Structure formats: C-alpha cells, structure tokens
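# A closer look at the structure
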Amino acid sequence: MLDKTDTSIKAAVSQIPDGATIMIGGFGPAGQPAELIDALIEHGARDLVLVSNNAGNGDYGLAALLKSGQVRKIFCSFPRQADSWVFDGLYRAGKIELEVVPQGNLACRIQAAGSGLGAVFTPTGYGTLLAEGKETREIDGKHYVLEYPIKADFALIKAYQGDRWGNLVYRKSARNFGPIMAMAATTTIAQVSEIVELGALDPEHIVTPGIFVQHVVRVGTAQPAKEV
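So, how was this worked out
- Residues numbered from 1 in each chain as written.
- Predicted model: local features only at pLDDT ≥ 70, side-chain atom pairs only at ≥ 80, totals over all residues.
- Heavy atoms only, no water.
- UniProt positions renumbered as here; feature names shortened; annotations may be inferred.
- Buried < 20%, exposed > 50% of the residue type's maximum accessible area, 1.4 Å probe, protein only.
- Helix = DSSP H or I, 4+ residues; strand = E, 2+ residues; numbered from the N terminus.
- Pairing = 2+ DSSP bridges.
- Salt bridge = Lys/Arg side-chain N within 4 Å of Asp/Glu carboxyl O.

For the chain, the name recorded in an unreviewed UniProt entry is 3-oxoadipate CoA-transferase, with Pseudomonas kairouanensis as its organism. Here the chain is described in UniProt, under the heading Pathway (unreviewed entry), as follows: "Aromatic compound metabolism; beta-ketoadipate pathway; acetyl-CoA and succinyl-CoA from 3-oxoadipate: step 1/2."

Have a look at this one:
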C-alpha cells in the first residue's frame, strides 16, 4: 500500500544532508512551513543553499534558520524588508551569500526546472546589473536574458490538506510557491493541517498531484490558519 505519510516531523527532515539545496515555500509568513523549518534547525544540517521568496521576517521561521548559521547562500527576490534584521546582519558581516532573482524570474526558473526545460529567455533584468555576464539575445525586436533553471534537492512546503498518496490542496495565499517548488525538487516534504482519507479530496481541487510529493506530515490542528 502506497503511504507517504510520516508520523514524525523530525524523521521527515532527518534525511536532509549538509550542503543540500532546499526550496522553502512562503510569501513572507503566508504559507511558510514553520514547523518543518524548526525541525530542520533542530536537525542541524549545515552549509545549506536556500531558495525562497524572501530572507525571513523577525526572528522566527526562515529568519531563525538563517540565525542558526546553517545557511551558506540564499536565492531570493526580497532579501531586505523592515523586519529582516537577521539577514541584514549576516550579509553585512559577510556570513551569507546572496543571489537576487526578480520574483517573476524566480518563479519562471523554478517552473523551468519542474518542466524539464534547459533554460528560458526573459526580458526582466536586461540592461541591469542582474544581467551582467549572462547571455542575451534579441528576439522579434525585443531583448532577453538567458536564465537557467533553479533545481533543489529538497522542497519544504505547506499545504492545507493531503492524503496518503501525497495529493495536496492549499488554502488561499498559502499556495504561492508551493506547487512549483514541489515540481522542481528531487524530494518534497509537505506539512499539512489535515490528512484525509484517499478519495476525500475533490480531484478538481488538487493542485499538487502526489507524484511530486514524497513525504506528508500533519502538524498542528485541522483548523486552518488564516492567510491574507
């Protein structure tokens, strides 16, 4: 019987080795897999490369992971915000590497990895510092920059409900990067608020099919958190 559910969140992340590239879902705190991040901090894997929309807020979640000193480099679109003091301090001290990727390009490059594409041409960043050293091309009178897919060893994402096959549905804005990150990673670990019986999920509502998910772990209660 195919069953991708894990009873222990610690066990789910224990397979992550030093040096792994990890995609972490979330748009700020919305959809951020906070419990998986806490478990990763406790697990202690180091020299990590992260791919995320931003570089953490306050002292919790993603920011706490950065503060732990386990991260070597981060790819993100919004490294600096009003409450990104953890990242700011690490970056100014030369303790973390940063590659800024415009948000649309970040999504596009992750999607390219999940779709098996070799690369994509995008107009975003052309003529700026972000395009320095990259191949450019004029196509139909418009200038483009060649960008390569962003792949990961692991994706840590948050969904609302899942079943034992790994099929996932999301709640409102908590969906954000989760579906495309699941496609672009070798191993996807999803935390959910509720694990339901096989067949209970409306097929029309399933956003991430189980083929892209290797582990599902229930955290918290079945009551969904409010997302904005």
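Here the narrative resumes, following the displayed structure.
## So, the pairing of strand β2 (residues 21–24)
Along β2, one buried face is formed by T21 and M23 and the opposite face, lined by I22 and I24, is buried too. Where β2 meets strand β3 (residues 48–51), 3 bridges bridge the pair, whose relative direction is parallel. Counted as the bridge partner of I22 is L50 from β3. Here 3 bridges tie β2 to strand β9 (residues 152–162), and the two strands are oriented parallel to one another. When the sheet's bridge partners are listed, I24 is paired in β9 with L156.

## Focus on the pattern of salt bridges
Inspection of every chain in the model, using the stated rule, returns 10 salt bridges. In this structure, the salt-bridge partner of R72 is D47, at a minimum N-O distance of 3.2 Å. Here D47 lies in the loop between α2 (34–43) and β3 and R72 lies in strand β4 (residues 71–76), a separation of 25 residues in the sequence. Residue R137 is joined to E135 by a salt bridge in which the shortest nitrogen-to-oxygen separation is 3.2 Å. A residue is classified by how much of its surface remains accessible, and R137, at 43% relative accessible area, is partly exposed. Here the residues in one salt-bridge network are K73, E99, R109, K134 and E147, joined through shared partners.

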